[in-house]
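The lines below spell out each chain.
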Amino acid sequence: GKAFAIAKKELNIYFATPIAYVMFMLFVVIGSYFFLRLLGAYEMASLQSMRMNAPEMMNRLNFQDAIFRNLFGNLGVILIFIVPFLTMRLVAEEKRQKTMELLYTTPITSGQIVWGKYLAALVILFCTLLLTITYPVLVQIVAKDQNGVEWRSVLLGYAGLFLMGAAYMALG
């Protein structure tokens, strides 16, 4: 109850200020750069294997290994730098606006305050990762004649990214 009220207040602040939008933009722009680089490398490798007429090499090439495994690794590294944007303002903003004392005098435990702020940050993290779901969707659309994307692996990769981001936030 009370933790959700704090989470709602934090989410309103995130979306009323440019913090969430800047984070979304940074994550998507940097993630897109890596996605396009990996896509280009995959395309070059597949063209090379066709030119060399090597079907066994072509069979070893697949989207999952060539693109998404590396992409998730890169997105995980990007999270290391972007998550502090979210977490550093959670308590600092309260102190700067002198509302920390006000929070402590309300009938809310400090645990509820922490959970509320953490939940709000998790929602922002989820939205950020959701913006990048376009990468596998685009690959699926383009590869409709082949097998396409292994969605279980991709969704597991996203779950791993979310849990890693949640751990980074817990540290923050």
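Residues numbered from 1 in each chain as written. Predicted model: local features only at pLDDT ≥ 70, side-chain atom pairs only at ≥ 80, totals over all residues. Heavy atoms only, no water.

> How would you summarise the overall build of the protein chain if you had to cite specific residues and measurements?
For the protein chain, the helix and strand inventory stands at eight helices and zero strands. For the protein chain, the α and β elements follow one another from N to C terminus as α-α-α-α-α-α-α-α. Counting the 172 residues in the protein chain, one finds 36% classified as buried. Put simply, 81% of the contacts in the protein chain that link residues at least 6 apart link residues at least 24 apart. Accessible surface computed for the protein chain: about 10,400 Å², of which carbon and sulfur atoms make up 70%. (Helix = DSSP H or I, 4+ residues; strand = E, 2+ residues; numbered from the N terminus. Buried < 20%, exposed > 50% of the residue type's maximum accessible area, 1.4 Å probe, protein only. Contact = heavy atoms within 4.5 Å. Areas by Shrake-Rupley, 256 points an atom, 1.4 Å probe, with all protein chains shown as cover.)

> So what's going on with the side chain of Thr132? Which residues, and what values?
Positionally, Thr132 belongs in the loop between helix H6 (110-131) and helix H7 (134-142). Apart from the residues lying within four places of it in its own chain, the contact partners of Thr132 are Phe27, Leu75 and Tyr158.

> Can you explain the packing of H7 against helix H8 (residues 151-171)? Please cite residues and give values.
The angle between the axes and the distance between the axes are what describe a pair of packed helices. Two elements in contact, H7 and H8, have axes whose closest approach is 11 Å; the angle formed by their N-to-C orientations is 170°. By the angle class used here, H7 and H8 are roughly antiparallel. Two packed elements cross with a definite hand, and for H7 against H8 that hand is right-handed. Every residue of H8 that contacts H7 at Pro136, Val137 and Gln140 is listed here: Trp151, Val154 and Tyr158. Classifying every residue of the contact of H7 with H8 by side-chain character gives five nonpolar, one polar and no charged. (Axes fitted to C-alpha atoms, helices over the stretch in contact; angles between N-to-C directions. Parallel < 35°, antiparallel > 145°, perpendicular 65-115°, else oblique. Left-handed = near helix turned anticlockwise from the far one by under 90°. Nonpolar A, V, L, I, M, F, W, Y, C, P; charged D, E, K, R; others polar.)

> Can you explain the nonpolar core? Please cite residues and give values.
Core analysis: the largest hydrophobic core is formed by 35 residues, its most contacted members being Tyr14, Phe68 and Ile124. Here the element with the most residues in this core is helix H4 (residues 63-96); it accounts for eleven residues. (Core = buried A, V, L, I, M, F, W, Y, C linked by side-chain atoms within 4.5 Å.)

> Could you give me a rundown of the environment of Tyr118, with the residues and numbers involved?
Structurally, Tyr118 is set in helix H6. In the structure, Tyr118 is positioned 111 residues away from Ala7 in sequence and 7.5 Å away in space, judged by C-alpha atoms. Each residue touching Tyr118, except ones within four places of it in the same chain, is listed here: Ala166, Met169 and Ala170. Separated by 2.9 Å, the side chain of Tyr118 and the backbone oxygen of Ala166 make a polar contact. (Polar contact = N/O pair within 3.5 Å; in protein donor to acceptor, adjacent residues only side chain to side chain.)

> Run through H8, naming residues and quoting values.
A rise of 1.5 Å per residue sets the reference length of H8, with its 21 residues, at 30 Å; its end C-alpha atoms lie 30 Å apart and thus fit the reference within 8%. Of the positions making up H8, those classed as buried are Val154, Gly157, Tyr158, Leu161, Gly165, Ala166 and Met169. (Expected span 1.5 Å × (residues − 1).)

> I'd like to hear about the packing of aromatic side chains, residue by residue, with values.
Here the structure, examined in full by the defined rule, presents nine aromatic pairs. Aromatic pair Tyr33 and Phe34: ring centres 5.5 Å apart, planes at 65°, arrangement edge-to-face. Exposure remark for Tyr33: the relative accessible area of 45% places this residue in the partly exposed category. Using a relative accessible area of 27% as the deciding quantity, one classes Phe34 as partly exposed. Both rings, one in Trp115 and one in Tyr118, keep their centres 5.9 Å apart while their planes meet at 75°; by these two values the pair is edge-to-face. Highlighted residues: Trp115 and Tyr118, both in helix H6, separated by three residues, approximately one helical turn. By relative accessible area, Trp115 is classed as exposed at 52%. Of the aromatic side chains, those joined through ring pairs into one cluster are Phe15, Tyr21 and Phe24. (Phe/Tyr/Trp six-rings, centres within 6.5 Å; stacked < 30°, edge-to-face > 60°.)

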